[in-house]
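# Close look at the chain arrangement
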Amino acid sequence: MTSSDTPRGGSPRAPLTLRTDHLDHRVLADYLVRTRWFAGKGRPFTVTGVRRLGEVPAGSVPEPRVVLHLVELTYSDVPAGASDEVERYQVPLALYSEAESRLDHAFVGWWEEPGLGWVHAYDALHDREAMARWQQAFHTAAGRPGGNLLDHESSLAFHRLPGHDLDLAAHSTLFSGEQSNSSVAFGEDALLKVFRKVTPGVNPDVQVHEVLSRADSPDVAHLYGWVDWVDPDSVDPHDPESGEVVQLAMLQQFLRTASDGWDLALSSVRNLFSDPELHASAAGGDFAGEATRLGLTLRAVHDLLVEHFGEDEVPAREVAERMGDRLPAALAAAPALEPHRESLERLFDRVAALGHVGVHRIHGDLHLGQTLRTSLGWKIVDFEGEPAKPLAERLLPDCPWRDVAGMLRSFDYAPRVVERTWAEDDPDGADVRAAKAQEWANRAKNHFLVAYAGGEVTPEQRTLLEAYVADKAVYETVYETRNRPTWVEIPLQAVAEIGAS
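This text gives an overview of the structure that appears in the document. (Residues numbered from 1 in each chain as written. Predicted model: local features only at pLDDT ≥ 70, side-chain atom pairs only at ≥ 80, totals over all residues. Heavy atoms only, no water.)

## Considering the overall build of the chain
Secondary structure assignment for the chain yields 12 helices and 17 strands. A compact globule built from 501 residues would reach a C-alpha radius of gyration of about 23 Å, and the chain, at 25 Å, matches this within 12%. In terms of its C-alpha atoms, the chain occupies a principal-axis envelope of roughly 75 × 50 × 45 Å. Counting over 501 residues, the chain shows a buried share of 50%. (Helix = DSSP H or I, 4+ residues; strand = E, 2+ residues; numbered from the N terminus. Rg over C-alpha atoms; globule rule 2.2 N^0.38 Å. Buried < 20%, exposed > 50% of the residue type's maximum accessible area, 1.4 Å probe, protein only.)

## Points about the sheet that holds strand E6 (residues 148-150)
Spatially, E6-E7-E11-E12-E10-E9-E8 is the arrangement adopted by the 7 strands of the open sheet, whose pairing is antiparallel. The sheet is open, and its two edges are formed by E6 and strand E8 (172-174), each paired on a single side. The mean angle between the axes of side-by-side strands here comes to 20 degrees, regardless of whether they run parallel or antiparallel. Relative to strand E12 (residues 245-253), strand E11 (residues 223-230) runs antiparallel, the two sharing 7 bridges. Pairing of Asp228 across the sheet is with Gln247, part of E12. Contacts from helix H2 (residues 128-142) reach E6, strand E7 (156-160), E8, strand E9 (181-186), strand E10 (190-195), E11 and E12, with the element oriented near 65 degrees to E7. Seen against the sheet, helix H3 (residues 204-214) touches E10, E11 and E12 and runs at an angle of roughly 140 degrees to E11. (Pairing = 2+ DSSP bridges. Axes fitted to C-alpha atoms, helices over the stretch in contact; angles between N-to-C directions. Contact = heavy atoms within 4.5 Å.)

## Things to note about the sheet that holds strand E13 (residues 259-260)
Strand order across the open sheet formed by 3 strands is E13-E16-E17, with antiparallel pairing between neighbours. Strands at the two margins of the open sheet, each flanked by one partner only, are E13 and strand E17 (377-380). Of the pairings in the sheet, the one linking E13 to strand E16 (residues 371-374) comprises 2 bridges and is antiparallel in character. What sits directly across from Ser259, in E16, is Arg373. Each of E16 and E17 touches helix H5 (residues 288-309); the most contacted strand, E17, lies at about 50 degrees to it.

## Digging into the nonpolar core
In this structure, Trp401, Val404, Phe411, Trp440 and Phe448 are the most contacted members of the largest nonpolar core, which totals 66 residues. One finds Leu53, Ala137, Ala170 and Ala190 within the second-largest nonpolar core, a separate group that totals 41 residues. (Core = buried A, V, L, I, M, F, W, Y, C linked by side-chain atoms within 4.5 Å.)

## Describing a nonpolar patch on the surface
Side chains of Phe107, Trp110 and Trp118 sit close together on the surface and give an oily, nonpolar patch of about 350 Å² of accessible area. Assignment of secondary structure puts Trp110 in strand E4 (residues 107-113). (Patch = residues over 30% accessible without salt bridge, like charges linked within 9 Å, V, L, I, M, F, W, Y side chains within 5 Å. Areas by Shrake-Rupley, 256 points an atom, 1.4 Å probe, with all protein chains shown as cover. Salt bridge = Lys/Arg side-chain N within 4 Å of Asp/Glu carboxyl O.)

## Some remarks on the packing of helix H7 (residues 341-352) against helix H11 (residues 459-483)
The geometry of H7 relative to H11 is characterised by a closest axis approach of 9 Å and an angle of 140 degrees between their N-to-C directions. On the basis of their axis angle, the class for H7 and H11 is oblique. By crossing handedness, the relation of H7 to H11 is classed as left-handed. Residues Leu344, Leu347, Phe348, Arg350 and Val351 of H7 pack against Thr463, Leu464, Glu466, Ala467, Ala470 and Val474 of H11. Taken together, the residues that form the contact of H7 with H11 break down as 8 nonpolar, 1 polar and 2 charged. (Parallel < 35°, antiparallel > 145°, perpendicular 65-115°, else oblique. Left-handed = near helix turned anticlockwise from the far one by under 90°. Nonpolar A, V, L, I, M, F, W, Y, C, P; charged D, E, K, R; others polar.)

## Some words on the environment of Lys193
In this structure, Lys193 sits in strand E10. C-alpha of Lys193 to C-alpha of Val220: the two residues are 27 residues apart in sequence and 15 Å apart in space. In contact with Lys193, other than residues within four places in its own chain, are Asn181, Ser182, Ser183, Asp205, Leu248, Ala249, Met250, Asp382 and Glu384. Here the side chain of Lys193 touches Asp205 through a polar contact of 2.7 Å, side chain to side chain. (Polar contact = N/O pair within 3.5 Å; in protein donor to acceptor, adjacent residues only side chain to side chain.)

## So, the side chain of Ser217
Relative to the helices and strands, Ser217 is located in the loop between H3 and E11. With near-sequence residues (within four places) excluded, Ser217 lies in contact with Leu212, His222 and Leu304.

## Let's talk about empty space enclosed by the protein
Taken as a whole and judged by the stated rule, the model has 1 cavity of 30 Å³ or more. Of the volumes computed, that of the largest cavity is approximately 30 Å³. What lines the largest cavity is simply Leu294, Leu298, Leu366, Thr371, Ile380, Met407 and Phe448. In terms of residue class, the lining of the largest cavity is built from 6 nonpolar, 1 polar and no charged. (1 Å grid on protein atoms, 1.4 Å probe; cavity = no way out; pocket = protein on both sides within 12 Å on 5 of 7 lines; lining within 4 Å. Points joined across faces, edges and corners; volume = space filled by probe spheres on them.)

## Remarks on the packing of aromatic side chains
Counting across every chain of the model gives 18 aromatic pairs. Measuring from centroid to centroid gives 5.4 Å for Phe38 and Phe45, while their planes differ by 65 degrees, and the two rings are edge-to-face. Both residues of the pair, Phe38 and Phe45, count as buried. Summarising the aromatic geometry, the rings of Phe138 and Phe158 are spaced 5.1 Å apart at their centres and angled 80 degrees between planes, so their arrangement reads as edge-to-face. On the criterion of sequence distance, the pair formed by Phe138 in helix H2 and Phe158 in strand E7 is long-range, its members being 20 residues apart. You'll find Phe138 and Phe158 in the same group, each marked buried. Put simply, the rings of Tyr31, Trp37, Phe38, Phe45, Tyr75 and Tyr89 touch in pairs and so form one group of aromatic residues. A cation sits over an aromatic face here: Arg43 above Tyr75, 3.7 Å from the ring centre. (Phe/Tyr/Trp six-rings, centres within 6.5 Å; stacked < 30°, edge-to-face > 60°. Lys NZ or Arg CZ within 6 Å of the ring centre and 35° of its normal.)

Below is the structure:
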């Protein structure tokens with residue numbers, strides 16, 4: 001037992017079991033379907049396993065006990081062994097001996113906890129007392145050798161990077177808008193992102209942020225630390241350093257005053273639309289300068305990723321085949337793509353003829369919503385990669401023109417979104433707005449691309465860029481067909497323009 005197990009002026013805290021056979025799986029299942037971040041809504045599933053990963057160190061306060069769990073779900077709507085048959089979700093719980101009415105909205109259940117008696121369990125991220133434990137654990141880790149605070153019994157570990165002192169007096173605030181992870185701000189000091197759906201292995205968001213933070217990149221929110229757990233069952237007794245790691249959370253710089261890139265782009269378009277006589281270059285909200293700075297920022301991030309992760313080449317034929325292999329399913333889901341089949345196939349054939357394609361670590365899911373504008377410049381955030389891809393694939397090198405294409409598609413979407421919402425209140429002037437939307441998109445894309453490339457792109461680069469733009473627009477067409485059919489013309493227009501070029 002360590003000193004942290006003894007409350008100030010009290011008796012030693014009872015040890016918390018890592019067993020979970022006393023937990024009712026139905027309670028956890030009912031809780032999951034009520035959350036925003038659960039991705040399996042509407043799918044039939046059974047909770048088939050619960051692992052107790054460990055307890056967040058408690059310092060000198062006896063309650064709450066903050067315990068991290070990994071809940072395994074098995075879905076019955078896919079064949080056994082399918083890639084999406086099993087998912088695992090992280091569930092941190094705050095355990096209290098008495099009901100806490102202030103946390104009624106976050107109540108999960110109550111049960112008899114071995115060694116503790118009856119406890120009331122709440123989603124820990126809603127509880128400031130519980131989140132203070134996380135903050136204190138990161139602070140303690142900073143003073144340990146290598147910045148590592150490890151519980152040898154559970155293998156739960158808190159890691160800290162040097163260079164920033166946490167504000168332990170800052171209260172936590174849970175963000176309500178996220179739908180895949182959960183983020184908690186500690187005052188104006190730091191932001192904790194808790195990964196909800198987890199996969200064994202290194203999380204690219206942690207990995208890339210660590211590298212860029214150690215390199216002191218000005219283009220990302222710096223990483224302060226992270227939490228991980230090594231599955232004890234996976235450790236080779238002859239190699240104590242082995243084992244399957246699961247990364248659970250990351251603590252990073254909180255850019256409180258930053259503006260979302262997508263919101264800034266929409267504001268710029270609205271400013272342009274508000275005066276029918278203005279051109280994009282003359283509008284007060286002209287975005288060309290910001291697009292240029294964004295292009296330079298992405299170039300700098302890519303250069304650092306090459307420096308620290310290296311670069312390689314892959315056969316262009318493989319890149320083209322992956323794009324082509326996605327096309328039949330897209331055509332089936334979005335029949336409006338059928339007239340463009342041949343032009344898309346010709347474009348992918350041009351990619352195959354390039355010989356080899358340079359690859360390195362990239363963002364992987366870049367768009368304006370993954371950028372923040374601060375007073376010091378642009379920051380690129382969320383390096384998890386495309387959520388639909390398996391973790392192992394997201395860790396692989398990829399073509400940098402995929403990131404560029406993602407930004408170009410985002411520049412294309414912003415004015416079209418404003419164009420459609422504007423028409424609801426002012427149906428007149430649709431032709432003028434359509435022309436202005438095209439002008440704004442072209443101007444932003446051109447300035448971004450020239451800044452990123454450092455001038456004109458080569459014919460080979462142009463082929464790759466067009467192919468990645470087309471691949472992204474095909475995906476968007478399928479998405480809009482399924483979710484917003486009246487918007488399908490936005491990506492479909494891009495597909496048509498590429499085919500006509």
